[in-house]
Amino acid sequence: MINIELLLSSGAVRMEIPKGKLLFQEGDKAIFYYQIIHGSIKMNNYNENGDETIQGIFGEGQSFGEPAILGHFEYPANAEAVEDSMLIKLEKNQFLSLLKKHPEISIELLATLSRRLRFKAILSKEVKSYDAEHRIMTLLELFNKNEERDITQPIDITRQTIANLTGLRVETVIRAIKKLEQQGRLSIRNRKIYWVE
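Procedures and definitions
- Residues numbered from 1 in each chain as written.
- Predicted model: local features only at pLDDT ≥ 70, side-chain atom pairs only at ≥ 80, totals over all residues.
- Heavy atoms only, no water.
- Pairing = 2+ DSSP bridges.
- Helix = DSSP H or I, 4+ residues; strand = E, 2+ residues; numbered from the N terminus.
- Buried < 20%, exposed > 50% of the residue type's maximum accessible area, 1.4 Å probe, protein only.
- Contact = heavy atoms within 4.5 Å.

## Digging into the sheet that holds strand S6 (residues 63–64)
Backbone hydrogen bonds hold the strands of a sheet together, and the pairing may be parallel or antiparallel. What the four strands build is an open sheet, ordered S1-S8-S3-S6; its pairing is antiparallel. Strands at the two margins of the open sheet, each flanked by one partner only, are strand S1 (13–17) and S6. Summarising the sheet, strand S3 (residues 32–38) and S6 pair through two bridges and their orientation is antiparallel. Bridge pairing in S6 links Tyr-34 to Phe-64.

Below you can see the structure in the form of C-alpha cells.
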C-alpha cells in the first residue's frame, strides 16, 4: 500500500463509491491509479449470456487496475463496489511520476502484481485439474493467505464469488462446502464459513 499522505501530496483525491456502482467498465481508457481506504471492489467480466467471471476482489489498503496503467492498455474488466467504499485516486501521469521519484514503491508494486499472477496461475490450474472440493479449499487458503485473515474469523467470501472464481455452479459450491464440513475441513455457523480450529 502506498502511503496515503504521499499519494495526496502527489495530487491524489479521495472519493466515495456506493455499493453496486461501477467505477469503470471493461474497455475504458485507464487514467487513474486507485487504492482502497475502506470497503471492497471487485473486478469482473460478463459473457454474452450475462454470466459473471470475477477477476479479483480487493479490500482495504489494496490497489487495483494498475496493469492497465503500466501496460498502457484499456481496462480488461469492470470495477464494481461490493460495498460502500472510500477510495483514493491518482491520475496516471502523476502516478508514473510518483513511481519514478520513489523506486521502492515500484519494487513493492512489482511484488504485489507477482502475487496476483501467482494467485491466478494456481486458480487456473485448479479449474482445469481438480474436483470441486479441492478447488474450493485451494481458493479459500489463497484468499486467507492474501488477506492475512485470522482463522477464527469467518471467511468473508460469498458462495457466488467462490463459484465465479472456481468455474463452478453455485449449487455445486453449496454441495461441496457441505461435504467439506462433513469431512471436518470447514465449519458452517450462521451461514458463514469458518476454518476448523
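## So, the environment of Ala-163
By the secondary structure assignment, Ala-163 is in helix H6 (residues 159–166). Look at Ala-163 and you get buried, because its relative accessible area is 3%. Taking C-alpha positions, Ala-163 is 30 Å from Phe-32, a pair spaced 131 residues apart along the chain. For Ala-163, the contacting residues outside a window of four places in its chain are Leu-168, Arg-169, Val-170 and Val-173.

## As for the side chain of Thr-138
Among the secondary structure elements, Thr-138 is positioned in helix H5 (residues 132–147). Looking at Thr-138, the relative accessible area reads 13%, which means it is buried. Apart from residues lying up to four places away in sequence, Thr-138 is in contact with Ile-122 and Glu-126.

Take it as geometry only, folks, not as evidence of what the structure does.
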